[in-house]
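What follows is the residue order along each chain.
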Amino acid sequence: MPHRRDADVAIRATDLSIARATRGGGDGRVVDGVTFVLPHAAALAIMGPTGAGKSSLAAVLAGSEELGLSIVGGSAEVEGVSLRRPGRARRVHTYVTGYLSQSAGKTLPARLTVGDVIGEPILSRDRHVNQRALAVRVATLLDELMLPLGTAAKYPYELSAGMRQRVAFARALVLDPKLLVADDPYANMDVDVRRAARSAILRRRDGYGMSTVIVTNETDVARDLGAAVLVLRAGHTIAFGRHADDLLWTPSGDADRRLVGA
């Protein structure tokens, strides 16, 4: 079913700065002055060395509160929702955004079955949901990501690392989000499964205009999604381009060209 669009773009970030709370109460800034616009049905790949702020930026865009991050400068809007002071709109933000965090497959709730893990975003909003319809929804996602239908009754600890990653991927897609934020989404996936996960993204892009933010240092991943590329170092933008092969670098970014040269 097509999604109604109230915002003119999926994401608009202007001079965005993000800090992590520190024990001393200081400003542990991890992203500093990042600006970009992500249109509907488009993709953005965030690249950079370890500690560049990639995962922190992704977490804030997804509305995660797990890392103690906050916006301390500039602004960001996701599907028209201001992230600096979302208020009651935060629920809207988390509803329209699917989030696959870094190493999400390793942190699945151990006491829930796979079916419950995938369906949790729906059940947390509507306890009276039609259970048969939910089971069909879960089964469809399992099949789409090349997991046996019997997986729904298993527990995460019974699965391989690659299977757990696909379960986390399915959970991020269960609400048919307008925006998918995925941090290293293909971790522990073999070639065939990667192809299925990529197809799942493209199918939603073409079907109802889902936008995608992906954290990766694999240039081929960005190329396969036709993604624009934002390269960070120490929280600052050092390169940006509409394609992985057409980047505009800042003078200080020359030493990091190898990051996207694969």
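Residues numbered from 1 in each chain as written. Predicted model: local features only at pLDDT ≥ 70, side-chain atom pairs only at ≥ 80, totals over all residues. Heavy atoms only, no water.

What to know about the overall build of the chain
Point 1. Helix and strand counts for the chain stand at seven helices and eleven strands.
Point 2. C-alpha extents for the chain along the principal axes are approximately 55 × 40 × 40 Å.
Point 3. The buried share among the 262 residues of the chain stands at 50%.
Point 4. At a minimum sequence separation of 6, the contacts of the chain that also span at least 24 residues come to 67%.
Point 5. Accessible area for the chain stands at about 12900 Å²; split by element, carbon and sulfur atoms hold 50% of it.
Point 6. Distance between charge centres in the chain, computed from 34 positive and 28 negative side chains, equals 4 Å. (Helix = DSSP H or I, 4+ residues; strand = E, 2+ residues; numbered from the N terminus. Buried < 20%, exposed > 50% of the residue type's maximum accessible area, 1.4 Å probe, protein only. Contact = heavy atoms within 4.5 Å. Areas by Shrake-Rupley, 256 points an atom, 1.4 Å probe, with all protein chains shown as cover. Lys, Arg positive; Asp, Glu negative; His and termini not counted. Charge placed at Lys NZ, Arg CZ, Asp CG, Glu CD.)

Thoughts on the pairing of strand β10 (residues 236-243)
Point 1. For strand β9 (residues 228-233) and β10, the ladder comprises five bridges, and the chain directions are antiparallel. Note that in β10 the partner of L230 across the bridge is F240.
Point 2. In this structure, the hairpin formed by β9 and β10 is closed by a connection of two residues, where A234 is found at a positive phi of approximately 50 degrees.
Point 3. The sheet contact formed by β10 and strand β11 (residues 246-249) spans three bridges and is antiparallel. Counted as the bridge partner of H243 is D246 from β11.
Point 4. Connecting β10 to the next strand, β11, in antiparallel fashion are two residues. (Pairing = 2+ DSSP bridges.)

Some details on the nonpolar core
Point 1. I118, V167, F169, Y186, L225, V229 and V231 are the most contacted members of the largest nonpolar core, which totals 51 residues.
Point 2. Beyond its immediate stretch of four places on either side in the chain, F169 contacts L100, L145, P185, Y186, M189, A197, A200 and I201.
Point 3. In this structure, L38, L69, L83 and L232 belong to the second largest nonpolar core, which totals 31 residues. (Core = buried A, V, L, I, M, F, W, Y, C linked by side-chain atoms within 4.5 Å.)

Observations concerning the packing of aromatic side chains
Point 1. If you walk through the whole model with that rule in mind, you get one aromatic pair.
Point 2. Aromatic side chains Y155 and Y157 sit 5.8 Å apart centroid to centroid with 15 degrees between the ring planes, which places their arrangement in the stacked category.
Point 3. According to the relative accessible area criterion, Y157 is exposed, its value standing at 61%. (Phe/Tyr/Trp six-rings, centres within 6.5 Å; stacked < 30°, edge-to-face > 60°.)

Thoughts on the sheet that holds β9
The strands making up a sheet associate through hydrogen bonds between their backbones, and the pairing can be parallel or antiparallel.
Point 1. Taken in spatial order, the seven strands line up as β6-β7-β8-β3-β9-β10-β11 in an open sheet, and their pairing is mixed. Both edges of this open sheet fall to β6 (97-100) and β11, since each of them pairs with a single strand only. The sheet shows a mean angle of 15 degrees between the axes of neighbouring strands, direction not considered.
Point 2. Bridge count between β6 and strand β7 (residues 179-183): four bridges; the pairing is parallel. Counterpart to L100 in the pairing with β7 is A182. (Axes fitted to C-alpha atoms, helices over the stretch in contact; angles between N-to-C directions.)

Examining the packing of helix α3 (residues 114-123) against helix α5 (residues 161-173)
Point 1. Put simply, α3 and α5 touch, their axes get as near as 7 Å, and they point 30 degrees apart. Between α3 and α5, the interaxial angle falls into the category roughly parallel. The two elements α3 and α5 meet at a crossing, and its hand is right-handed. Listed contacts from α5 to V114, V117, I118, E120 and P121 of α3 are V167, A170 and R171. (Parallel < 35°, antiparallel > 145°, perpendicular 65-115°, else oblique. Left-handed = near helix turned anticlockwise from the far one by under 90°.)

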